[in-house]
Amino acid sequence: MVNIEEIDNLFDAESQKKEHPHKEDSVQKHTKHVHTAKLILPSFAAVLVALLLIFPSLKNVEKSFLLDVTLPKKGELEKLHIEDTVLNITDKKNRVNNFTADNIDETTPGSKLIKLKNPDGMMPTSDIDWLNVKSPTGFFNQKANTLTLTDNVEIYYSQGMTVNVPNIVYDFNTNIVKSDQPVKAQGEAGDLTSEAFEMNTDTGVIVFKGKTFIKLREETLKGMK
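Cut-offs and rules
- Residues numbered from 1 in each chain as written.
- Predicted model: local features only at pLDDT ≥ 70, side-chain atom pairs only at ≥ 80, totals over all residues.
- Heavy atoms only, no water.
- Helix = DSSP H or I, 4+ residues; strand = E, 2+ residues; numbered from the N terminus.
- Buried < 20%, exposed > 50% of the residue type's maximum accessible area, 1.4 Å probe, protein only.
- Contact = heavy atoms within 4.5 Å.
- Areas by Shrake-Rupley, 256 points an atom, 1.4 Å probe, with all protein chains shown as cover.
- pLDDT = per-residue confidence, 0-100.
- Salt bridge = Lys/Arg side-chain N within 4 Å of Asp/Glu carboxyl O.
- Phe/Tyr/Trp six-rings, centres within 6.5 Å; stacked < 30°, edge-to-face > 60°.
- Core = buried A, V, L, I, M, F, W, Y, C linked by side-chain atoms within 4.5 Å.
- Patch = residues over 30% accessible without salt bridge, like charges linked within 9 Å, V, L, I, M, F, W, Y side chains within 5 Å.
- Pairing = 2+ DSSP bridges.

## Let's talk about the overall build of the protein chain
If you tally the helices and strands in the protein chain, you get 3 helices and 16 strands. Per-residue burial over the protein chain gives 25% buried out of 225 residues. Put simply, of all contacts in the protein chain between residues at least 6 apart along the chain, 37% involve residues at least 24 apart. A total accessible area of about 16200 Å² is found for the protein chain, and carbon and sulfur atoms account for 58% of it.

Pasting the structure below:
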């Protein structure tokens, strides 16, 4: 037997779908969001738990990193520091002496005493002659206008002489280069050892002091005859 009431309800439902199609879509979307939330929330909770477990380790890593950081000491930021530079020094005749260095550092802030690493310089002694000097370490005193080279200095004189000495001091106010340490020199004429030396770059005259030994080459003696 046909139930008239059920048939009427069926048509009413169909008519509601036609009259309110968007309402059905909203219900379906809401249902999908609920299902998605049910899937995501457990995963999100798991991530939170994992972070809570890892956080103490992350905190320890941060502490370890901070302990390895070396803060600059007091006064270091005030010091002059330049790398791969050229230092120009003017003597009393206004001749420019050019020095290159791996780096220069002020020894203490405001001291005007500059330390040079691997200084290598060209120093004019006349219009045509010059000295090439280099050493592992040097100190330029800006106040006194003096340059001290240490740790085995090598000097090449353009007239054909090579000089090796532990240290030298060059006074740019007097244009005098000197050393009170044992010196060895090799030239075209022969070899020389002495206890000290002094050179005036204005005149180009070198004076060897103390016990001095000169060994002339045979070719030089023949030329003198």
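## Concerning the confidence of the model for the protein chain
Per-residue pLDDT for the protein chain has a mean of 76; in total, 62% of the residues score no lower than 70. Taken together, the stretch residues 58-72 has pLDDT below 50 and engages in 1 contact with residues farther than four places along the chain or on a different chain.

## Thoughts on the pattern of salt bridges
Per the counting criterion, the structure on display carries 6 salt bridges. For Arg217, the salt bridge goes to Asp191, with nearest N and O atoms at 3.5 Å. With Arg217 in the loop between β16 (213-216) and α3 (218-224) and Asp191 in strand β13 (residues 190-194), the pair connects residues that are 26 residues apart, well separated along the chain. For Asp191, a relative accessible area of 31% puts it in the partly exposed group. Counted as one network, the salt bridges with shared partners bring together Asp91, Lys92, Lys93, Arg95 and Asp202.

## Looking at the packing of aromatic side chains
All told, the structure shown has 3 aromatic pairs when counted by the stated rule. For the ring pair Phe197 and Phe208, a centre distance of 6.5 Å and an interplane angle of 35° mean the geometry is tilted. Taken together, the positions of Phe197 in strand β14 (residues 196-200) and Phe208 in strand β15 (residues 205-209) put the pair 11 residues apart, joining distant regions of the chain. Phe197 sits in the buried class, given a relative accessible area of 5%. Classification of Phe208 by relative accessible area gives partly exposed; the value is 23%.

## Some remarks on the nonpolar core
Nonpolar side chains tend to gather and get buried jointly when the protein is soluble and globular. The biggest cluster of nonpolar side chains holds 27 residues, and the ones touching the most others in it are Phe99, Ile155, Ile168 and Phe197. Setting aside chain neighbours within four positions, we find Ile155 in contact with Leu131, Asn132, Val133, Met161, Thr162, Val163, Ile168 and Phe197.

## Digging into the side chain of Thr85
Among the secondary structure elements, Thr85 is positioned in strand β1 (residues 81-90). Filtering out sequence-adjacent residues up to four positions away, Thr85 remains in contact with Phe99, Thr100, Ala101 and Ile104.

## What to know about a nonpolar patch on the surface
The grouping of Met122, Trp130 and Tyr156 at the surface amounts to a nonpolar patch, some 260 Å² of accessible area in total. Looking at Tyr156, the relative accessible area reads 35%, which means it is partly exposed.

## Overview of the pairing of strand β5 (residues 130-134)
Bridge count between strand β4 (residues 120-124) and β5: 5 bridges; the pairing is antiparallel. What sits directly across from Met122, in β5, is Asn132. In this antiparallel pair of consecutive strands, β4 and β5, the connection spans 5 residues.

## Examining the environment of Ile128
You can see Ile128 is positioned in the loop between β4 and β5. What makes Ile128 exposed here is its relative accessible area of 68%. For the pair Ile128 and Ser158, spaced 30 residues apart in the sequence, the C-alpha separation amounts to 8.6 Å.

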